[in-house]
Amino acid sequence: MSSTPILEMRGINKSFGAVQVLHSVDFRVYAGEVMALVGDNGAGKSTLVKCVAGIYPMDSGEILFEGAPVHIHGPRDASALGIEIVYQDLALCDNLDIVQNMFLGRENLTSVRTLDEGTMERRARQTLAGLSVRTVKSVRQVVSELSGGQRQTTAIAKAVLWNNRVVLLDEPTAALGVAQTDQVLDLVRRLATNGLGVVLISHNMNDVMKVADRITALYLGKVAAEVKTSEITHAQVVELITAGRTGNIGLKPAEAAQSA
Amino acid sequence: MTEPTPTTPTPAPAPVLANTAAAAAPTEAGFSVDAGATNLKEAFLGYVTRIRGGEVGALPAVAGLVLLLVVFSTTTKIFLTRGNLANLPTQAAPTILIGMGLVFVLLLGEIDLSAGTAAGLASAGMAIAVNFHGNLQTQLKGGMFGAYIVVMVLALIVAARERLWPGVIAIVFGGVVLVTHIGSNQVLAILLAVTTGTSIGILTGFLRARVGIPSFVVTLALFLAWQGVLIQFLGAGNSFPTQRFKTINALENTNISPLWSWVVLIVFVGGYGAFTLYTSIRRRAQQLSAQPVSIVVGRFAILALLGAFSVFFLNKNRNPNKGHVIRGLPWVVLLILIVLVAMTLLLSKTTFGRHLYASGGNAEAARRAGIDVPRMRIAAFGISSSLAAIGGVVLASKQGGVPADAGGGNTLLFAVGAAVVGGTSLFGGRGRVRDAVLGGLVITIIPNGLQLHPNVGASYQYVITGGFLLVAAAVDALSRSRRPT
Ligand SMILES: Nc1ncnc2c1ncn2[C@@H]1O[C@H](COP(=O)(O)OP(=O)(O)OP(=O)(O)O)[C@@H](O)[C@H]1O
Ligand SMILES: [Mg+2]
């Protein structure tokens, strides 16, 4: 495994008004690995993702891409680096169809600079077929007509459509059925095998233990621990999430208590 | 207005999924409707599903039009006469044009209450220019000329900062006409009006998008303000005639020759038919989802039939008195067709249009896709007011001049009504330019038909128009609540 993380965040602080949500968070992802990001509701997982995405400006801290500092001021900066995000709220436009959503902001154009619907539709169908989406009648279906799971799959397809280096998935299986969840976990593994850095946010510890190489646990906006999945048990992860520490791993007792 | 070149590199097609995608046969993927498989039955069922899901499209407006046509033609003798029916397009034109502009603003879930008075003000600029040899400077008293220039310069700065280049070009052009006194030329004077609209719209959009004032308040304030400025422009009670200016007057009061009327029909309807048919066949050949050829041909046939009937009808002399002959397609119909086609292409074939729909559908999602939503807002207001200004020019042509209350009264409300009756949603994200055409016709036929009933007072006009608007808004609201989320 390469020693330089493909994506690294150092000392990230982020407040909303008077409320500090992230406390000097260090976080890294290695190429070819799945990094699980776990933590209780409100721990700050989505906020961290949105800082990488360029949606929220950070108060302080730096982001390194392949070891070099980068400045991400907006979603376009992130995607230019090859960072794709599946948001918890999916961020789809209900009034647009699947293809239009998947290519939003990066439409294929024809030689006269009009929308190249044919190319986009074909690529969308190819990607969805790869995700084994069986229930969508047409890639031209409007998103408002889709079921929750179909939407989630659309959002995932939107992220893996591009030639990425890092993919962050914020609870991508929350609305999915058993078979579809397995599909997505498979995909997550496959993305890593293909050399991407993958971040998986999930509340399902079985899934996390199954696909993640490493786990970063957030506790009230602080990193409680970053551990290899092979070196920790299910129960210990749960303890890290709920108490910020387990045995001699995690925040110092005083720190954990003070945060709480 | 087009987007700047995307900065993101062109990605390779779905690299990580290549293996699996190849393994899964297209049929296995299960896009049963795709891959050119749409037949008539599926298309029809899809249509029914969409209607039941609330995507009613043009249906209510067309139903309303048919209903009104049937009612008025059976209850009055005059309604179906050539002289009366030929009036409809010219009566509807200002409402349609202002309404087409409003569609852009409504698509974002915004409102522009000032479109009417802005249209009046813009047309006043034109009227003063043609009446005073292009010299607005000596005519506009009390610092009004200076204020005019300041507005244009501010709009220019905003447009440049937002990289809205078509807006920049338009405003610079208008500014040149304004300061060099070349607006005695009628075409240039008309363009001065349009670019005045552009400037007003871009400033309105700036106040909404960058300052953050709700559009209802911004445009309510400007609705009042432009009325005052217009009075100041003209001097209270005054009115500047435009009747003796041929080009301006021609828009609403003269017709295209019968032969050229046919040419216009063939170019527009034939072009539409050829384009949609070509698209359908080509997409089918490429295994893409496509509309069945039968539906495309059917739609074209209906349009061609309606168009041919209208032109045939309009090409007959409709002057009941002996003397000179009145016949042919009114010029304003050509103007509306051009704007309709241009704006429809802009909305449906360009990234700008796509991003506008996205911003109206889910602004946060659009932002996360890298779309500059405030910039889209400013552009939408700019386009809206530009089209409103064209509507103002047409209104001046119809009224024979620009009075101090031009574009006031119900002008704006009827234009909003037109868009909404035509099927544009007030909640944003849904609507088309053609909605304003259909809705504008509905809104115009009501007073046209009612005035032929001597025993029905004018008061009914408002009640009935209001009723139609309510029905349209109810359809809109209900269709929204029927959606899954
Ligand atoms: N836009 C915002 N404005 C103010 N506070 C916010 C905002 N977004 C998040 N927060 C706060 O930040 C904290 C962390 O939120 P975040 O969404 O990152 O949690 P999370 O770990 O993703 O939780 P969940 O598992 O429920 O998704 C919460 O206390 C939340 O109330
Ligand atoms: Mg979250």
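Reading guide: rules and limits
Residues numbered from 1 in each chain as written. Chains lettered and ligands numbered in written order. Predicted model: local features only at pLDDT ≥ 70, side-chain atom pairs only at ≥ 80, totals over all residues. Heavy atoms only, no water. Helix = DSSP H or I, 4+ residues; strand = E, 2+ residues; numbered from the N terminus. Buried < 20%, exposed > 50% of the residue type's maximum accessible area, 1.4 Å probe, protein only. Contact = heavy atoms within 4.5 Å. Areas by Shrake-Rupley, 256 points an atom, 1.4 Å probe, with all protein chains shown as cover. Lys, Arg positive; Asp, Glu negative; His and termini not counted. Charge placed at Lys NZ, Arg CZ, Asp CG, Glu CD. Pairing = 2+ DSSP bridges. Axes fitted to C-alpha atoms, helices over the stretch in contact; angles between N-to-C directions. Phe/Tyr/Trp six-rings, centres within 6.5 Å; stacked < 30°, edge-to-face > 60°. Lys NZ or Arg CZ within 6 Å of the ring centre and 35° of its normal. Expected span 1.5 Å × (residues − 1). Salt bridge = Lys/Arg side-chain N within 4 Å of Asp/Glu carboxyl O. Core = buried A, V, L, I, M, F, W, Y, C linked by side-chain atoms within 4.5 Å.

Trainee: Just to check I follow, could you spell out the overall build of chain A for this structure?
Mentor: When its secondary structure is counted, chain A shows 9 helices and 12 strands. Summarising its shape, the C-alpha atoms of chain A cover approximately 60 × 40 × 35 Å along the three principal directions. Here chain A, with 260 residues, has 59% of them falling under the buried criterion. Put simply, 64% of the contacts in chain A that link residues at least 6 apart link residues at least 24 apart. By element, 49% of the accessible surface of chain A is carried by carbon and sulfur atoms, the whole surface being about 9900 Å². Here chain A contributes 25 positive and 27 negative side-chain charges, whose respective centroids are spaced 3 Å apart.

Trainee: Would you mind going over the sheet that holds strand S4 (residues 60-65) of chain A with me for this structure?
Mentor: The strands making up a sheet associate through backbone hydrogen bonding, with each pair oriented either parallel or antiparallel. Residues and elements named next belong to chain A. Spatial strand order, S2-S1-S4-S5: 4 strands in an open sheet with antiparallel pairing. The sheet terminates laterally at strand S2 (19-29) and strand S5 (68-70), the two strands that pair on one side only. Neighbour-to-neighbour, the strand axes of the sheet open up by a mean angle of 30 degrees, direction not taken into account. In terms of strand pairing, strand S1 (residues 7-16) meets S4 through 5 bridges, oriented antiparallel. Paired with Asn-13 across the strands is Ser-60, a residue of S4. Each of S1, S2 and S4 touches helix H1 (residues 45-53); the most contacted strand, S1, lies at about 115 degrees to it.

Trainee: Help me out: how do you make sense of the packing of aromatic side chains in this one?
Mentor: One pair of aromatic rings is described through two measures. These are the centre distance and the angle between the planes. Taken as a whole, this structure holds 6 aromatic pairs over all chains when the rule is applied. Over the ring of Trp-162 of chain A we find Arg-123 of chain A; its NZ or CZ atom is 5.4 Å from the centre of that ring. Over the ring of Tyr-87 of chain A we find Arg-368 of chain B, and its NZ or CZ is 4.3 Å from the ring centre.

Trainee: What's the story with the environment of Arg-284 of chain B in this structure? I'm lost.
Mentor: All names here are of chain B. Within the fold, Arg-284 resides in helix H13 (residues 258-285). Looking at Arg-284, the relative accessible area reads 27%, which means it is partly exposed. Sequence-wise, Arg-284 and Arg-430 are 146 residues apart; in three dimensions their C-alpha atoms are separated by 27 Å.

Trainee: So what exactly am I meant to see when it comes to helix H4 (residues 117-130) of chain A here?
Mentor: Within an α-helix, residues lying three or four positions from one another point in the same direction, as the helix has 3.6 residues per turn. All names here are of chain A. Between its first and last C-alpha atoms H4 spans 20 Å; for 14 residues at 1.5 Å apiece the expected length is 20 Å, and the two agree. Of all 14 residues making up H4, 11 are buried, and the element is well covered by its neighbours. Those residues of H4 that fall on the buried side of the exposure criterion are Glu-117, Gly-118, Met-120, Glu-121, Arg-123, Ala-124, Arg-125, Thr-127, Leu-128, Ala-129 and Gly-130.

Trainee: Help me out: how do you make sense of the pattern of salt bridges in this one?
Mentor: A side chain of one charge can pair with a side chain of the opposite charge if their charged atoms are brought near each other. With the rule as written, the count across this model stands at 25 salt bridges over all chains. Between Asp-97 of chain A and Arg-140 of chain A there is a salt bridge, with its nearest N and O atoms 3.1 Å apart. On the criterion of sequence distance, the pair formed by Asp-97 of chain A in the loop between strand S6 (83-86) and helix H3 (98-102) and Arg-140 of chain A in the loop between H4 and helix H5 (148-160) is long-range, its members being 43 residues apart. Residue Asp-97 of chain A is classed as buried on the basis of its relative accessible area, which comes to 7%. Residue Arg-210 of chain B pairs with Glu-162 of chain B through a salt bridge whose shortest N-O separation is 2.7 Å. Here Arg-210 of chain B is found in helix H10 (residues 186-211), whereas its partner Glu-162 of chain B is found in the loop between helix H8 (144-161) and helix H9 (165-180), with 48 residues between them in sequence. Using a relative accessible area of 36% as the deciding quantity, one classes Arg-210 of chain B as partly exposed.

Trainee: For this particular structure, what's the right way to read the nonpolar core?
Mentor: Taken as a class, soluble globular proteins show a tendency for nonpolar side chains to be buried jointly. Ranked by internal contacts, the top residues of the largest apolar core, which has 151 residues, are Ile-83 of chain A together with Met-100 and Phe-104 of chain B. The element that contributes the greatest number of residues to this core is helix H18 (residues 373-399) of chain B, accounting for 13 residues. Counting 53 residues, the second largest nonpolar core, distinct from the first, contains Leu-92, Leu-115, Ala-155 and Tyr-219 of chain A.

Trainee: What is the right way to look at the sheet that holds strand S8 (residues 197-201) of chain A in this model?
Mentor: All names here are of chain A. Ordered in space as S6-S7-S8-S3-S9-S10, the 6 strands form an open sheet in which the pairing is mixed. Each edge of the open sheet is held by one strand with a lone partner, namely S6 and strand S10 (222-228). Between one strand axis and the next, the sheet turns through 15 degrees on average, direction left out of account. Taken together, the 4 bridges between S6 and strand S7 (residues 166-170) define a ladder with parallel strand orientation.

These figures capture arrangement, not role.
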